[in-house]
Amino acid sequence: MSIGRSFFALFALALVAPAVPAAAQGVALPREAQIGPRPFYLVDKMKDGPLKEKLGQCTGPFLKSDFSIGHRGAALMFPEHSKESYTAAARMGAGVIECDVTFTKDRQLVCRHSQCDLHTTTNILSVPALAAKCTQGFSPADPATGRKASAKCCTSDITLAEFKTLTAKMDGFNPDAKTAEEYQNGTPRWRTDLYATSGTLMTHDESIALIKSLGAKFTPELKAPEVPMPFDGDYSQEKYATQMLQAYKAAGIPASDVFAQSFSLADILYWVKTEPDFAAQAVYLEDRYEKQGLDPGKPETWKPSMAELKSSGVRILAPPIWTMLTLNDKKEIVPSEYAKAAKTAGLDLIGWSLERDGPLNKGGTFYHSSVKAAIDRDGDTLTVLDVLAKQVGVRGMFSDWPATTTFYASCMGMK
């Protein structure tokens, strides 16, 4: 049977199959993950070879997998960190779903990728009363001087009640905008606004309730504050880090279901000291390439070293895709020295983020930068994923479209 006929047969069966209720939020999930046509499209676009042949013969069943991590939900086509995005990720089989955590003016925790991204991810500039509270109001582009349009609106500019009045939109902005309305109309062409007409923003507590009801695990990221800490007098980084984990305790979520993340090693070590049950699977997000000149091919630039990270209490390291991959003499994609050293030291790896570079026909951008010469088609998404899973040995993969990682995990028999 062809891939296309297989997909439509499975899709038709899914439409009539009984759903599994997720009672707490009134969301009914299908019995099997609904992966849609995209994974099959990616298979069609792969280079010929054994991997394409194996994946091309895979017709399911497609099941929820902890390998498949919803990066901001399903942010490729849904407004990130919205109820709709999280629900879509669960329907695609994401076994773990991410809420990036930051705080409001009244110290309440909400789900946003950055403390100061409301101007690109919500409709705040269309709400005059709240736009007036932004750290920096909208400034139009000026072609005569070359100045680009700008704004800066932070969750810490407004209260939780005010935050809840906003609507989520696709992340993006128009740098040439003359008006606030034009500025907000900047969704990248390879994404879509089809599902972005009424995105529902989520508090951290609401995300916990929803993700629990969807039967998934949690990976909250403690986002770096963009305001001086302590905030508002005595709200310290430690109080912030404690508050995030306390929410899971209050909701009765076992620590084993929570993969708390931070780019700050200090946050991870604070949890090692104060919350050992959560720290057992806390995730140290790698950004030393940006701040300390880390080179994946030069161990002398890895400070701390992999062994030092492990001995300090770090158990899971989460680098971007490009740091874990390189090209060999045959221009084949293989594990980097960085990735091999992490595994040798006994660190688990989680990668980020698949399906975030847009179309790969021109080699991709940031996420594939170390292997760009070997990337020339969308199907290389699955080639990269296969190297990360089988050769690097990542335990999970963040993806902006979890259907792709769910498809791969099911086809390869991964849980």
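Note: the structure precedes this text.
Calculation criteria
- Residues numbered from 1 in each chain as written.
- Predicted model: local features only at pLDDT ≥ 70, side-chain atom pairs only at ≥ 80, totals over all residues.
- Heavy atoms only, no water.
- Phe/Tyr/Trp six-rings, centres within 6.5 Å; stacked < 30°, edge-to-face > 60°.
- Buried < 20%, exposed > 50% of the residue type's maximum accessible area, 1.4 Å probe, protein only.
- Disulfide = S-S within 2.5 Å.
- Helix = DSSP H or I, 4+ residues; strand = E, 2+ residues; numbered from the N terminus.
- Axes fitted to C-alpha atoms, helices over the stretch in contact; angles between N-to-C directions.
- Left-handed = near helix turned anticlockwise from the far one by under 90°.
- Contact = heavy atoms within 4.5 Å.
- Nonpolar A, V, L, I, M, F, W, Y, C, P; charged D, E, K, R; others polar.
- Parallel < 35°, antiparallel > 145°, perpendicular 65-115°, else oblique.
- Salt bridge = Lys/Arg side-chain N within 4 Å of Asp/Glu carboxyl O.

Could you clarify how one ought to interpret the packing of aromatic side chains in this entry?
In this description, a pair of aromatic rings is defined by centroid distance and the angle of the planes. Per the stated rule, a full pass over the model turns up 20 aromatic pairs. Ring centres of Tyr235 and Tyr240 lie 6.1 Å apart, and the angle between their planes is 50 degrees; on these two criteria the pair is classed as tilted. When sorted by exposure, Tyr235 lands in the same class as Tyr240, which is buried. Taken together, the ring pairs connect Phe263, Tyr289, Trp322, Trp352, Phe366 and Tyr367 into an aromatic cluster.

So what exactly am I meant to see when it comes to the state of the cysteines here?
Throughout this description, disulfide means a covalent bond between two cysteine sulfur atoms. Under the definition given, this model contains 4 disulfides. One disulfide in the model links Cys116 with Cys154; its S-S distance is 2.0 Å. Here the S-S torsion is close to 100 degrees, and the disulfide linking Cys116 with Cys154 is therefore right-handed. Placement of the pair is Cys116 in the loop between strand 6 (109–111) and helix 5 (118–121) and Cys154 in the loop between strand 8 (150–152) and helix 7 (160–163), with a sequence separation of 38 residues.

Explain the packing of helix 10 (residues 237–250) against helix 11 (residues 265–274) here, please?
Any two packed helices are characterised by the angle at which their axes cross and by the distance between the axes. At a minimum axis separation of 11 Å, helix 10 and helix 11 run at an interaxial angle of 65 degrees. Seen along the crossing, helix 10 lies across helix 11 with a hand that is right-handed. Within the contact between the two elements, helix 10 uses Gln237, Glu238, Ala241, Thr242, Met244 and Leu245 and helix 11 uses Asp267, Tyr270 and Trp271. When grouped by side-chain class, the residues that make up the contact of helix 10 with helix 11 number 5 nonpolar, 2 polar and 2 charged.

How do you make sense of the packing of helix 16 (residues 380–392) against helix 17 (residues 402–411) when you look at a structure like this?
Running from N to C, helix 16 and helix 17 point in directions that differ by 55 degrees, and their axes come no closer than 11 Å. Relative to helix 17, helix 16 is oriented oblique. In the packing of helix 16 onto helix 17, the handedness of the crossing is right-handed. Where helix 16 approaches helix 17, its residues Thr381, Leu382, Leu385, Asp386, Ala389 and Lys390 are matched on the opposing element by Thr404, Thr405, Phe407 and Tyr408.

When you look at unusual backbone geometry in this model, what are you seeing that I'm missing?
For residues that are not glycine, phi is negative in most cases, and the peptide bond is trans in most cases. Of note, the amide linkage connecting Met229 to Pro230 takes the cis form, showing an omega dihedral of 0 degrees. Along the polypeptide, Pro230 turns up in the loop between strand 12 (221–222) and helix 10. Lys303 connects to Pro304 through a cis peptide bond whose omega is 0 degrees. Following the sequence through the fold, Pro304 ends up in the loop between helix 13 (288–291) and helix 14 (306–312). Not every positive phi belongs to a glycine, and Arg72 is a case in point at roughly 60 degrees. If you trace the backbone, Arg72 turns up in the loop between strand 3 (65–70) and helix 4 (83–91). Of note in the backbone geometry, Glu355 takes a positive phi value of approximately 60 degrees without being a glycine.

Which parts of the structure should I look at to understand the pattern of salt bridges?
One side chain can pair with another of opposite charge once the charged atoms of both are near each other. Considering all chains together, one arrives at 22 salt bridges under this definition. Of the charged contacts in the structure, one is a salt bridge between Arg38 and Glu355, with a shortest N-O distance of 2.9 Å. Here Arg38, found in helix 2 (residues 38–44), pairs with Glu355, found in the loop between strand 18 (348–354) and helix 16; they are 317 residues apart in sequence, far enough to count as distant. A salt bridge links Glu80 to Arg72; the nearest nitrogen and oxygen atoms lie 2.9 Å apart. Glu80 gets classed as buried once you look at its relative accessible area, which sits at 4%. Overall, the relative accessible area of 5% leaves Arg72 in the buried class. Bridged by salt links that share partners, the residues Lys47, Asp376, Arg377 and Asp380 form one connected network.

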